[in-house]
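# Commentary on secondary and tertiary structure
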Amino acid sequence: RVGLDIRGFRMKDRVIAVDVGTTNIKAFVVDRNGTVLGQASDKLVIEQPKPEWAEIDPENLWNQFQMVVKQSIANTGVDPGDVAALGIATQRCTFVTWDRRTGKPLHNFICWQDLRCVDLCKQWNNSLTVKSLKLGSGALHMITRNNRFLAGRVIHFFPKMVTMRYLWVLQNLPQVAMLAAEGFLLFGTIDTWLLWKLSRGTLHATDYSNASSTGIFDPFVMEWSSLINDMVGIPIDTLPQVKDTYGEFCVCPEDLFGAPIPVTAVAADQQSALFAQCCWSPGDIKVTLGSGLFFDVNTGNKPHASLTGFVPMVGWKVGAELVYVAEGQSSSSGIAIDWGQKAGLYSSSTESAAVAQSVEGIAFLSNLWKFSH
């Protein structure tokens, strides 16, 4: 329906799909009918070196990725040579930086839940620079009626966005700032790091869905935002090449999984969920509840600029086909369920619905991850 041409699929009838979520990493071996033939998973270790910080060791993540892929192949009993392709979906906005010469990470992944940049967000949101940008964007929108300027009227920095966490890294880790100045620094979200490792350090790339989720990408012009990055001081030359969601990214070396397997799809988790649930037409909606709640609307081939909190992002790009989404989110749906269990409101998450339906006239608003910032 979306015009995907999976090259080589007739000769090789297995694909591997890897999902790097917030709490688990999973690999599935799937046949051409969509039947899951085997799978493997492992729990991600979230480190909290300080209160409200959340990190993942990048080398551990790489090792876990290799392990679940190998284990899924072993559990299925499939010949690695029969695998046509590998696709990767990842949690968004979790990033790391590394030295392009050595490939060595300069710090742990800083996760999307991390709140170390809350003060930076407040400073910038209350700054004369941002206030002036909002006023200027409002005036330009009145004159031009261009929705790109409408988006500028409501610019607001949140900890979930990459912008302020990356700025925090540049300001607080001298080695990162030094390598940026020397031109040796590379930035990447989880997908970019995995592609770097799978390509043995020859590919520094991401896809449009992941890039547009960071807050430093302009979906209206489909490139890294020179306005935002120049304004806050993020070096654009550290950011990865942005590629289509589907296409040949790289080929896994034969000694890694037992055969040279091409990586042909990379997508952000929420956008991949929208695609997987067949929300292919404008107006189609999906809602997923995991660690957070995400409400995504397919807006067709035009980005949606909203004054009410919906964020325009790229759903996927495949050749000439470009699909946008408008997203609203809350960061703490699953976390709130866990909190209720720990507080003794119920003994299992499956009982939460019955507890909610047992009372009337009471509403519960979760602010456990301080998403109001």
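Residues numbered from 1 in each chain as written. Predicted model: local features only at pLDDT ≥ 70, side-chain atom pairs only at ≥ 80, totals over all residues. Heavy atoms only, no water.

### A short note on the sheet that holds strand β16 (residues 293-300)
Spatial ordering of the open sheet is given by β15-β16-β18-β17, a layout of 4 strands whose pairing is antiparallel. Strands with a single pairing partner mark the edges of an open sheet, and in this sheet they are β15 (285-289) and β17 (311-318). Strand-to-strand twist in this sheet, taken as the mean axis angle between neighbours without regard to direction, amounts to 30 degrees. Here β16 runs beside strand β18 (residues 321-330); their pairing, made up of 7 bridges, is antiparallel. Across the sheet, the residue bridging to F295 is G328, located in β18. Each of β15, β16, β17 and β18 is contacted by helix α11 (residues 269-276), which is oriented at about 60 degrees to β17, the strand it contacts most. (Pairing = 2+ DSSP bridges. Helix = DSSP H or I, 4+ residues; strand = E, 2+ residues; numbered from the N terminus. Axes fitted to C-alpha atoms, helices over the stretch in contact; angles between N-to-C directions. Contact = heavy atoms within 4.5 Å.)

### Structural notes on the packing of aromatic side chains
Scanning the model with the defined rule gives 13 aromatic pairs in all. Both rings, one in W98 and one in W196, keep their centres 5.7 Å apart while their planes meet at 55 degrees; by these two values the pair is tilted. Pair noted here: W98 is in strand β6 (residues 95-99) and W196 is in helix α7 (residues 190-198), with a separation of 98 residues, a long-range link. One exposure class covers both W98 and W196, and it is buried. Taking 6.4 Å as the distance between ring centres and 80 degrees as the angle between the ring planes, the aromatic pair formed by W124 and F157 counts as edge-to-face. Of the two residues, W124 is situated in helix α2 (residues 118-125) and F157 in the loop between α4 (147-153) and α5 (162-172); the sequence distance between them amounts to 33 residues. Residue W124 shares its accessibility class with F157, and that shared class is buried. Feature note: the residues F95, Y166 and F187 constitute an aromatic cluster, connected by ring pairs. (Phe/Tyr/Trp six-rings, centres within 6.5 Å; stacked < 30°, edge-to-face > 60°. Buried < 20%, exposed > 50% of the residue type's maximum accessible area, 1.4 Å probe, protein only.)

### Topic: the environment of Q270
Tracing the sequence through the fold places Q270 in helix α11. C-alpha of Q270 to C-alpha of T288: the two residues are 18 residues apart in sequence and 7.9 Å apart in space. Among all residues touching Q270, those that are not within four sequence positions of it are R92, K286, T288, F294, D296 and E327. Of the polar contacts made by the side chain of Q270, one reaches the side chain of T288; its length is 2.6 Å. (Polar contact = N/O pair within 3.5 Å; in protein donor to acceptor, adjacent residues only side chain to side chain.)

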